[in-house]
Every structure is written in C-alpha cells, then in structure tokens.
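Examination of the molecular architecture
As a plain string of letters, each chain reads:
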Amino acid sequence: MKKNRFKLILDIIMMVMLFSMYNKKTVSMEYHEIGGLFLIGLFLIHNIVNWAWIKNISLRLTDKKLPTRSKICWIINFLLLVSFILIAISGIMISKTVLINITGDIVLWKSIHYFASALAIILIGIHIGLHWNYLKGFVTKKVKLPAKIGKILGAALIAFLLVTGVYNTINSDFSHWIATPFEDNIKEGKGLRRGLNAGLEEETLDPGKFSDIVLTYGSITLLFAILTKEIEKRT
Ligand code: HEM
Ligand code: HEM
C-alpha cells in the first residue's frame, strides 16, 4: 500500500474513533476504555509516520528562519501530545472495567479527563485546519465533479458544518467539559464519583447512536478546522 494511502486511512480511522469516544455509552464502557487505549496507540503510529518532521522541526525550533506556520504546527502537535497523555493517565485512574485496581483522587482525575478531552477537540480541529488543503487534495482527487458543481457542493458542506458545529458547541456536553475547571459542582465533587460498573447496561452497537455521536463531536472539531483554515487564508 502506498504511504499516502496508509496515512489517509489511518487519519480516517483516528477521526471516527476519536469522535466516538465522546460518550461513554457510544458502544460500551469496555469499548471506550480499550478502544481509547488502542486509539492512543494509533496516535503513536501517526507520530512515528511523521517522525522525520518532528525531528527536523524540533531541532530548528529556535532558528529565526523557520516559518511561523511550522512553529504553530509544532506547538499544536506538542499540546496534542500532552492532552492525550493526560487523557490516557486520567482514563486509567478512573477506569470502571479494565484497570479497576488503580485508584486515586477520582474527582480530580475525572475533571482532568473531561477537560483534556474537550481541549483535544479544539486542538484536533486546529490540527486538521492546518492540513486542510492536504486532506482536500485527497477528496478532490477521488471525487471528480465539474468545477462549478464541486464549488457549490463544497460551499454548501462548509455552511452546513458551520451551523451544526456552532449548534453542537453550545448544546452538547462539550461546553460543560471545557468549563470543568471553573464549575462549582466539579470543585464540590458532585456527580464525580467513580461508580464502578455504572453505565454498563447498554452493551450493543447501535449504528444510529454511533453515527449521531460521531457527527455531533465531528461537527465541533470541523468548526475549529474551518475557522483555522479561514484565519490562515487571511493572514
Ligand atoms: C482518546 C481517548 C479518550 C477520550 C477522548 C475520552 C473522553 C471521555 C469523555 C468525553 C467522557 C465523558 C463521556 C460521557 O459523559 O458520556 C469519558 C468518560 C470516561 N472515560 Fe474516557 N476518553 C478516552 C479514553 C479513555 C481511556 C483510555 C479510559 C480508561 C482506560 C477512559 C475511561 C473513562 C471512564 C471510566 C469514563 C466514565 C467516567 C464516569 O462517568 O464515571 N477513557 N471519556
Ligand atoms: C483525529 C486525529 C488526527 C488526524 C485526522 C490527523 C491528521 C494529520 C494530517 C492530515 C497530517 C499531515 C499529513 C500527514 O503527514 O499525515 C498530520 C500530521 C501530523 N500529525 Fe496529525 N492528526 C491527528 C492526530 C494527531 C495527534 C493526536 C498528534 C500528536 C499527538 C498528531 C501529530 C502530528 C504530527 C507531529 C504531524 C506532522 C507534522 C505536521 O504536519 O503537523 N496528529 N496529521
């Protein structure tokens, strides 16, 4: 398989799996925990595939000739790495099914898990936005449409994503998770008990529910991606 094709397939799997993590009952608690650890493994592969870039830019970070775009990409990628390390550690600390012997301050770890997950949505959005043309290139190569129709469909898709993205940013749990450090009920610990084996009732894969969650959190991520690519275009 060509390297670019492998990268794209990996990108798509990572995206769908990531968005499906934003509800503990998307499939089951086991899926969330084992799938989450597997996904973090995929992120590691993604970083290995991009190792030459990471090494090159890290070594040139203080070089004045390094373009600002590369510096921004590096900072976002670094913050992504920190966020997912925090998500993994906090996830293990609050685990309800696979790693229940590890314990700690549940209130604190749960707050970290929720906040880092919400922050990761924004960071992945910016990361995708910075590679918008790269990803668009793949789509336009595969989906061949007359230029005018392609433009109209593209504009309609962006408008749809903007509207659903704004709606879901306000109405989904994302807004609560991002506000976690500032919310009083979190500081007081309400609703933040470990509740071992809680949330295990629904164990079947419901394609409707799965796609609903993926589309909800996907639209929020893509809202940040569109804002990023528009800002980049204008600066
Ligand atoms: C990419 C990885 C992950 C992301 C983005 C993520 C995100 C989230 C989010 C947003 C929630 C709240 C969901 C809801 O209220 O329905 C949650 C809950 C939870 N996560 Fe994760 N998670 C990830 C990986 C993990 C891993 C690897 C573990 C454990 C090994 C884990 C353990 C948990 C547990 C136990 C809960 C339920 C907390 C509770 O309600 O008591 N997560 N996660
Ligand atoms: C849903 C998840 C993600 C998607 C869709 C995604 C997509 C992409 C794309 C399209 C590229 C450029 C082309 C390529 O070389 O593959 C890229 C590069 C890169 N990604 Fe990701 N990525 C994701 C998550 C992450 C995460 C979590 C990290 C870090 C922990 C990361 C680190 C990097 C690095 C270091 C590069 C190379 C430098 C750059 O061009 O920014 N990515 N990613």
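Residues numbered from 1 in each chain as written. Chains lettered and ligands numbered in written order. Predicted model: local features only at pLDDT ≥ 70, side-chain atom pairs only at ≥ 80, totals over all residues.

1. A short note on the confidence of the model for the chain
Under the convention used in this document: Known as pLDDT, the predictor's per-residue confidence is scaled from 0 to 100. Secondary structure follows DSSP: runs of H or I at least 4 residues long count as helices, runs of E at least 2 residues long count as strands, and numbering of each begins at the N terminus.
Across the chain, pLDDT averages 89, with 91% of residues at or above 70. The weakest mean pLDDT in the chain belongs to helix 9 (residues 184-187) at 56; the strongest belongs to helix 3 (residues 51-60) at 97.

2. Thoughts on the site of ligand 2
As a reminder, the rule being used: Residues are classed as near a molecule or strand if the C-beta position derived from their backbone is within 6 Å of it. In this count, Pro and Cys sit with the nonpolar residues alongside Ala, Val, Leu, Ile, Met, Phe, Trp and Tyr, while Asp, Glu, Lys and Arg are called charged and the others, Gly among them, polar.
Near ligand 2 lie 22 residues; those nearest to it are Met14, Asn50, Cys73, Leu80 and His131. For the shell around ligand 2, the secondary structure elements donating two or more residues are helix 1 (3-20), helix 2 (29-49), helix 3, helix 4 (68-94), helix 5 (106-130) and helix 6 (132-142). Of the residues that constitute the shell around ligand 2, the class distribution is 14 nonpolar, 6 polar and 2 charged.

3. Description of the packing of helix 1 against helix 10 (residues 207-234)
Just so we agree on the cut-off: Interaxial angle, 0 to 180 degrees, is taken between N-to-C directions of lines fitted to C-alpha atoms, where a helix line uses only the stretch in contact. Each angle receives one of four descriptions, namely roughly parallel if under 35 degrees, roughly antiparallel if over 145, roughly perpendicular if within 65 to 115, and oblique otherwise. The contact criterion used here is simple: two residues whose C-beta atoms, placed from the backbone, lie within 7 Å are in contact.
Running from N to C, helix 1 and helix 10 cross one another at 100°; their axes reach a closest spacing of 8 Å. In terms of axis orientation, helix 1 runs roughly perpendicular to helix 10. Contacts from Val16, Phe19 and Ser20 of helix 1 reach helix 10 at Phe210, Ile213, Val214, Tyr217 and Gly218. A class-by-class count of the residues in the contact of helix 1 with helix 10 yields 6 nonpolar, 2 polar and no charged.

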